[in-house]
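Descriptive analysis of the structure
Next come the chains, spelled out residue by residue.
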Amino acid sequence: MGLYELLVLTEALGSQAQMGIYTGYSMGQQYIPLDQSQVFAQDAVDLVEYANGDASSKWGSQRAAAGHPQAFGLGRLEVGNEEALMAPNDYPGHYRLITQAVWQAYPNISITASGRWGPSIQGSPCLTGQKCDLWDDHYYRTPDEMAGMGGQYDSYNRSWPDVFVGEFAANVGNHPTLGAAVAEAIFMLGFEANGDKVRASSFAPLLRNVAGTQWDYDLINFNSSQLFTLPSHSMQIMLREALNEYLLTSSLTGTDPTTKATAGVSGNKLNIKIAHYSPTPLTLNITIDGLSVGTQGQYALLTSSQGVDAANSLDRPANVATEYGTLTSGVAFPVKVPAWSVQTIAVTM
């Protein structure tokens, strides 16, 4: 997939592209020297012109000739990816070289820096005085580990940059199951609970041709005529459909750490989200203070009678699927929470 095709795809999906800029670093290698790296800064500026420039500009005319005379409105770049060397002339120097060129030409572009993914971040440009709109954190864990990460950002240093969790999955061990989806939901509810700093997230990897791929744990899987998605795909659709405009103060008592819940408001809807990573079902007694709500709500529920290892496949693409229904609500009401489940509840205010 080329640059043009990716921009067209994100536009068709109603999404926003975040284009990665090569810094001169390849994993396991040394950086290309700074005095030989101006080409990477110019490539970044030319990329933005291709996406956003007037159809009469050098690179905008190439986009127009490809069939898209209107600008794409690209608003985000990421300079680097999983950068590991933080000496002044390594990532910090290359980041400065590229961002100075981009912001001089396009001062309103948002730039994400390489963030925390394993190696030490000591010396990161984001911690040594350079401007970083966000930085990009990556997490790949086992389902059991990720189910314990709902509080990952609770103690995050608020003086550090805002966060884009650009890659995450409970993929270690390669168990693309309901259990992994519930673990990922707990992690994502932690993003929501810390929305003052965690601004965006994206699951990775995204697409896999089952006939041949580098990675075995991908959100959308296909061959020439069929496809299936991981249970995590259904979970993420549920959370997106319950997207909040703002979060409410809430507390959860009497459960273990691998149950997490949040509450928020979107328009006239109160949204409650629950992820339960446990073989034992439970009943939560919901109490709502200070709001008037209706007596009937809608729910979406992802679970399976097959248990934690339930999964989808090309032969059974809807084996694990979301169930929708209604429930009795009010200022106080019980909610049955099945084992290994993710649930969203919407109540009209």
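Please refer to the structure placed before this passage.
Residues numbered from 1 in each chain as written. Predicted model: local features only at pLDDT ≥ 70, side-chain atom pairs only at ≥ 80, totals over all residues. Heavy atoms only, no water.

1. Things to note about the overall build of the chain
Along the chain, the regular secondary structure elements total seven helices and 17 strands. Its C-alpha atoms give the chain a radius of gyration of 22 Å, near enough to 20 Å, the size a compact globule of 349 residues would have. In terms of overall dimensions, the chain has C-alpha extents of about 65 × 50 × 40 Å along its principal axes. When each of the 349 residues of the chain is scored for burial, the buried share is 48%. Sequence-distant contacts in the chain: of pairs separated by 6 or more residues, those separated by 24 or more amount to 66%. Just so you have it, the chain exposes about 16600 Å², and 51% of that area is on carbon and sulfur atoms. Distance between charge centroids for the chain: 5 Å, based on 17 positive and 31 negative side chains. (Helix = DSSP H or I, 4+ residues; strand = E, 2+ residues; numbered from the N terminus. Rg over C-alpha atoms; globule rule 2.2 N^0.38 Å. Buried < 20%, exposed > 50% of the residue type's maximum accessible area, 1.4 Å probe, protein only. Contact = heavy atoms within 4.5 Å. Areas by Shrake-Rupley, 256 points an atom, 1.4 Å probe, with all protein chains shown as cover. Lys, Arg positive; Asp, Glu negative; His and termini not counted. Charge placed at Lys NZ, Arg CZ, Asp CG, Glu CD.)

2. What about the pattern of salt bridges?
Scanning the entire structure with this criterion turns up five salt bridges. For the salt bridge of Asp137 with Arg116, the shortest nitrogen-to-oxygen distance reads 3.0 Å. Taken together, the residues span a long stretch of sequence, with Asp137 in strand β4 (residues 134-140) and Arg116 in the loop between β3 (110-114) and β4 at a distance of 21 residues. When the shortest N-O distance is used, the salt bridge between Lys197 and Asp162 registers 2.9 Å. (Salt bridge = Lys/Arg side-chain N within 4 Å of Asp/Glu carboxyl O.)

3. Things to note about the pairing of strand β17 (residues 341-348)
With respect to burial, β17 is a largely interior element, seven of its eight residues being buried. Bridge count for strand β12 (residues 269-276) against β17 is eight bridges, and the pairing is antiparallel. Residue pairing in the sheet places Ile272 in a bridge with Ile345 of β17. (Pairing = 2+ DSSP bridges.)

4. Quick word on the sheet that holds strand β10 (residues 246-247)
Across the sheet, six strands lie side by side as β10-β11-β12-β17-β14-β15; this open sheet has antiparallel pairing. Strands with a single pairing partner mark the edges of an open sheet, and in this sheet they are β10 and β15 (322-328). The sheet contact formed by β10 and strand β11 (residues 259-266) spans two bridges and is antiparallel. Of the residues in β11, the one forming a bridge with Leu247 is Gly264. Contacting β10, β11, β12, β14 (296-302) and β17, helix α6 (residues 178-193) crosses the sheet at an angle of about 135° to β12. Packed on one face of the sheet, helix α7 (residues 231-241) meets β12, β14, β15 and β17 and runs near 155° to β14. (Axes fitted to C-alpha atoms, helices over the stretch in contact; angles between N-to-C directions.)

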